[in-house]
Amino acid sequence: MKIEDVPFFTMLLDHMQRSVAFALEEDIGTGDITAQLIPAEQMVQASIICKDEKAVICGQAWVNEVFRQVDPNVNLNWLVEDGDSISNQQTLVEISGNARSILTAERTALNYLQTLSGTATTAYQYAEAVKNKNITILDTRKTIPGLRLAQKYAVLVGGCANHRLGLYDMFLIKENHIAAAGGITKAVAQSQQIAPKAKIEIEVENIEEFNEAASTNAHYIMLDEFSEQDVEVVIKTDQRASAHQLEISGGLDLSKLGEQKYEQNIRASVGGITKEVRVVDLSLRIR
């Protein structure tokens, strides 16, 4: 998969450039004093290799941007694409250029590549767990601060789907919104007045709330912490459910989702895709 393929590419590109600039400023500060041990004109060749048994690679564009901002003359020859499966001791990219530049960029580049590959790998594991089960796995807003769009991209690379990008592109009416707005019906009506074209989702905590939500024009209804029995009741006995896309959430993990299968497509939002990520072990080595 390529970064250009995502629907929020323009936002993502801007986000990436600003994120990398800040990350480099944070790391380099007034200058890389250790790199000064190396002759200024020394040229080297290096490579990034995988040290994990199995993972999904993601973050190529971020690595490219790190090196571009540090030294645009450094050359990178990628041997993999985002979304490829990688394994232990596999070479991911060959790098050639100024030694000081490569060593200065090393940690920031690896931080992005390891974190986004970890996110893509976790997403892939969830996607595989629900294959052929009528379940679409969605991410949430529980992302690493400053890496929201980057992790959203990594989720797509891993084979899952995106929920809303932020607070601005969709209504998600939860318990506190419902209480403050005067109820589910009023909250939906107000949403339609504020942004008539925006999608609306309502989070409900019991069958009674579902019945009210199902009587509105909401596009999605999230069944929060519903038991499997109650989810089945909603699907099988309430004909109105077909007019809304159902979503389950709360305490969902690989083992629980792997055991489920539904007669109709269900959305499942899983915070763990982006917040419970183990970074992929990668290493940059000068040859």
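Look up a bit, the structure's there.
Computed from a prediction, not measured in an experiment: that's the story for all the values here. (Residues numbered from 1 in each chain as written. Predicted model: local features only at pLDDT ≥ 70, side-chain atom pairs only at ≥ 80, totals over all residues. Heavy atoms only, no water.)

> Give a detailed account of the packing of aromatic side chains, specifying residues and quantitative values.
Here the distance between the centres and the angle between the planes together describe a pair of aromatic rings. Applying the stated criterion to the full structure yields one aromatic pair. Ring centres 5.6 Å apart and planes at 35 degrees place the aromatic pair tryptophan 62 and tyrosine 153 in the tilted group. Of the two residues, tryptophan 62 sits in helix 2 (residues 60–70) while tyrosine 153 sits in helix 4 (residues 148–158), which places them 91 residues apart along the sequence. Tyrosine 153 carries the same exposure label as tryptophan 62, and that label is buried. (Phe/Tyr/Trp six-rings, centres within 6.5 Å; stacked < 30°, edge-to-face > 60°. Helix = DSSP H or I, 4+ residues; strand = E, 2+ residues; numbered from the N terminus. Buried < 20%, exposed > 50% of the residue type's maximum accessible area, 1.4 Å probe, protein only.)

> Mind laying out the pattern of salt bridges, listing which residues take part and the relevant values?
Scanning all chains against the criterion turns up eight salt bridges. Among the salt bridges present, the one from aspartate 14 reaches arginine 18, with a minimum N-O distance of 2.9 Å. One end of the pair, aspartate 14, and the other, arginine 18, are both in helix 1 (residues 9–28), four residues apart, so they sit about a helical turn from each other. Taking the relative accessible area as the measure of exposure, aspartate 14 reaches 36% and is therefore partly exposed. (Salt bridge = Lys/Arg side-chain N within 4 Å of Asp/Glu carboxyl O.)

> Which residues make up unusual backbone geometry, and what values go with them?
The backbone of glutamine 89 sits at a positive phi, close to 70 degrees, despite the residue not being glycine. Position of glutamine 89 relative to the elements: it lies in the loop between strand 4 (85–87) and strand 5 (91–98). A positive phi is found at glutamate 225, a non-glycine position, where the angle reads about 60 degrees. Mapped onto the elements, glutamate 225 comes out in the loop between strand 9 (220–224) and helix 8 (228–237).

> Describe the sheet that holds strand 1 (residues 43–50), with residues and values.
To summarise the sheet geometry, strands pair through backbone hydrogen bonds and adopt either a parallel or an antiparallel arrangement. Taken in spatial order, the four strands of this open sheet run 3-5-1-12, and their pairing is antiparallel. In the strand order of this sheet, the two ends are held by strand 3 (75–78) and strand 12 (282–286), each with one partner. Between one strand axis and the next, the sheet turns by 20 degrees as a mean value, whatever way the strands run. Of the pairings in the sheet, the one linking strand 3 to strand 5 comprises four bridges and is antiparallel in character. By the bridge assignment for strand 5, tryptophan 78 is matched with valine 93. Where helix 3 (residues 99–129) meets the sheet, its contacts fall on strand 1, strand 3, strand 5 and strand 12, and the angle it forms with strand 5 comes to roughly 150 degrees. (Pairing = 2+ DSSP bridges. Axes fitted to C-alpha atoms, helices over the stretch in contact; angles between N-to-C directions. Contact = heavy atoms within 4.5 Å.)

> How would you sum up the layout of surface pockets? Please name residues and give values.
Empty space within the largest pocket amounts to approximately 420 Å³. Lining the largest pocket are 25 residues, and of these Thr140, Lys142, Ser249, Ser269 and Gly271 lie nearest its centre. Breaking the lining of the largest pocket down by element, the ones donating at least two residues are strand 9, strand 10 (245–249) and helix 10 (272–275). Residues that form the lining of the largest pocket fall into these classes: five nonpolar, eight polar and 12 charged. Estimates place the volume of the second largest pocket at around 290 Å³. (1 Å grid on protein atoms, 1.4 Å probe; cavity = no way out; pocket = protein on both sides within 12 Å on 5 of 7 lines; lining within 4 Å. Points joined across faces, edges and corners; volume = space filled by probe spheres on them. Nonpolar A, V, L, I, M, F, W, Y, C, P; charged D, E, K, R; others polar.)

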